[in-house]
Amino acid sequence: MQLHHVIEAQQFDRPTLAELFTLTRQMEQVVERGGSDAFRHRIMATLFYEPSTRTRFSFETAMHRLGGRVISTENAAEFSSVSKGETLEDTIRILNGYADLIVLRHYEVGAAQRAAAVSRVPVINAGDGPGQHPTQALLDLYTIEKEIGSIDGLRIAMVGDLANGRTVRSLAYLLGKFRDVHIWFVAPPPLRMKDDILTYLAEHGVEYTEESSLEKVLPEVAVVYQTRIQKERFGDRIADYEKCRGLYVINAASLRLMKPHAIVMHPLPRVDEISMEVDQDPRAAYFRQAQNGLYVRMALLARVMERPASPPAPRPDQP
Ligand code: CP
C-alpha cells in the first residue's frame, strides 16, 4: 500500500500494518545504534495548534534520529500568521514550499483532511480535535502486539472519556481489521463511545459491550486502555466535567482484579485516572507505550518519505 497522507486509522490495511511494525522493530535497533542519516536532506514541519508533549517531541526526535531536520511551531494559533487571519489552507500551501512533509495537530475535526486536500507533500494527522489520532493508534497497536503477543483474539477495555477521546476512536478503527476482538466500553453516560464507531465495529465483526462497572470488566481483559476526561472539550460546562471526573480510576485495588499478565495502557497525559501507585507494577505499560511512539513514528516517516518529494505541478502554459 502506498502511504502519502496519513489522515485516519482506517486507511491502513493489515499487510501495511505488519510491514510497518517490522520496520518499527528495525527502528528500535537504529535508535540503539544512535540513529542514521538516511533522510539527511529532508525537512519536516510540525504545525501544532493544540498543546502536545509526546506527539510533537516523538515526531521531532524521530526525524532527528533519521538524520533529517525539523521546522516547528508549537503554538500555531498564536505564533503563526493564523493570528493575522491566514487560513489553514494558505499556511499549508506556504509550508509546501519549505518542507518535505507536514505533521499537523489542530483543534477542528477534519482539519488534517482539509490540509491534505491542498498539499503536495504528505500531511500526517497528529490529532484533529475529538476526531482521530491515527499515529497514536499505530503505536497503541504496536504496544499491544509487543506486550500481549497478538491482536487477533484480543479482549480490551476502553475506559473514560470515549466521546472526546480521539485515540480510542482511531484504535477502535484499527481493531476492526482483526479477528475475534471483544471491546468493553466503560464510560460515564455523557461520554459513551459514539454511534459511528459502534456501527463500524458491528459492520466489521468486532463484538462490544457497554458496561458501567469497571470492576466487572477488569478480570476479563488483557488490556485496560484508560483515558483522561478531557476538561478542555467541556468549554464552560464545568459542572458536567466535575460529574464525570474520578468515576473510573485505576489503582492498587484494580490491579488485584486484573489478570497477572494483563497491561494498563494510557495515551497520556494522565491527571488522576491512574493512581501513582500503579506505576511500580510491571503491568503499567503506559511509559513503554509512549517510548514505542518514537519507533513507530520513525517507521512511519521512513515509509512516507521513501518516495522522493514530487515536484510542483507544471503551470498550464508550460510544456
Ligand atoms: N498521546 C498524546 O497525543 O499526547 P500529547 O498530547 O502529549 O501529544
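All values reported here derive from a predicted model rather than from experimental measurement.

Details of the site of the ligand
Part 1 of the reasoning: The ligand sits among S52, T53, R54, T55, R105, H133, Q136, P267 and L268.
Part 2 of the reasoning: With respect to the ligand, the side chain of R105 contributes an N or O atom lying 2.9 Å from an oxygen atom.
Part 3 of the reasoning: The separation between a nitrogen atom of the ligand and a polar main-chain atom of L268 is 3.1 Å.
Part 4 of the reasoning: For the ligand, whose free accessible area comes to 250 Å², the fraction covered by protein is 91%.
Part 5 of the reasoning: Its atoms largely coinciding with the cavity grid, the ligand occupies the largest pocket.
Part 6 of the reasoning: Tallied by class, the residues present in the shell around the ligand amount to two nonpolar, five polar and two charged.
Part 7 of the reasoning: Of the residues that make up the shell around the ligand, three or more belong to each of domain 1 (9-132 + 293-305) and domain 2 (134-291).

What to know about the packing of helix α6 (residues 134-148) against helix α12 (residues 286-305)
Part 1 of the reasoning: Here α6 crosses α12 at 115°, and the two axes come no closer than 8 Å. Considering the relative orientation of α6 and α12, their crossing is right-handed. In contact with T135, Q136, L138, L139, D140, Y142, T143, K146 and E147 of α6, α12 contributes R288, Q289, N292, G293, V296, R297 and L300.

Remarks on the domain arrangement of the chain
In many reports, interface size means the accessible area that the parts give up when they come together.
Part 1 of the reasoning: Segmenting the chain into domains produces domain 1 (9-132 + 293-305) and domain 2 (134-291).
Part 2 of the reasoning: The straight-line distance from the C-alpha centre of domain 1 to that of domain 2 is 25 Å.
Part 3 of the reasoning: Its largest share of buried area at the contact with domain 2, domain 1 owes to R14, F21 and R54, together 24% of the area lost on that side.
Part 4 of the reasoning: Inspection of the region where domain 1 meets domain 2 yields five salt bridges.
Part 5 of the reasoning: Seen at the junction of domain 1 and domain 2, the total is 16 residue pairs in polar contact (both at pLDDT 80 or more).
Part 6 of the reasoning: For the side of domain 1 that touches domain 2, the secondary structure elements donating two or more residues are α1 (14-32), α2 (54-65), β3 (101-106), β4 (123-128) and α12.
Part 7 of the reasoning: With seven residues, α1 is the single largest residue contributor to the side of domain 1 that touches domain 2.
Part 8 of the reasoning: Of the residues assigned to the side of domain 1 that touches domain 2, the class counts are 12 nonpolar, nine polar and eight charged.

Calculation rules
Residues numbered from 1 in each chain as written. Predicted model: local features only at pLDDT ≥ 70, side-chain atom pairs only at ≥ 80, totals over all residues. Heavy atoms only, no water. Near = heavy atom within 4 Å. Polar contact = N/O pair within 3.5 Å; in protein donor to acceptor, adjacent residues only side chain to side chain. Areas by Shrake-Rupley, 256 points an atom, 1.4 Å probe, with all protein chains shown as cover. 1 Å grid on protein atoms, 1.4 Å probe; cavity = no way out; pocket = protein on both sides within 12 Å on 5 of 7 lines; lining within 4 Å. Sits in = over half its atoms within 2 Å of the grid points. Nonpolar A, V, L, I, M, F, W, Y, C, P; charged D, E, K, R; others polar. Domains from an automatic or database assignment. Axes fitted to C-alpha atoms, helices over the stretch in contact; angles between N-to-C directions. Helix = DSSP H or I, 4+ residues; strand = E, 2+ residues; numbered from the N terminus. Left-handed = near helix turned anticlockwise from the far one by under 90°. Contact = heavy atoms within 4.5 Å. Buried area = accessible area lost by both parts, 1.4 Å probe. Salt bridge = Lys/Arg side-chain N within 4 Å of Asp/Glu carboxyl O.

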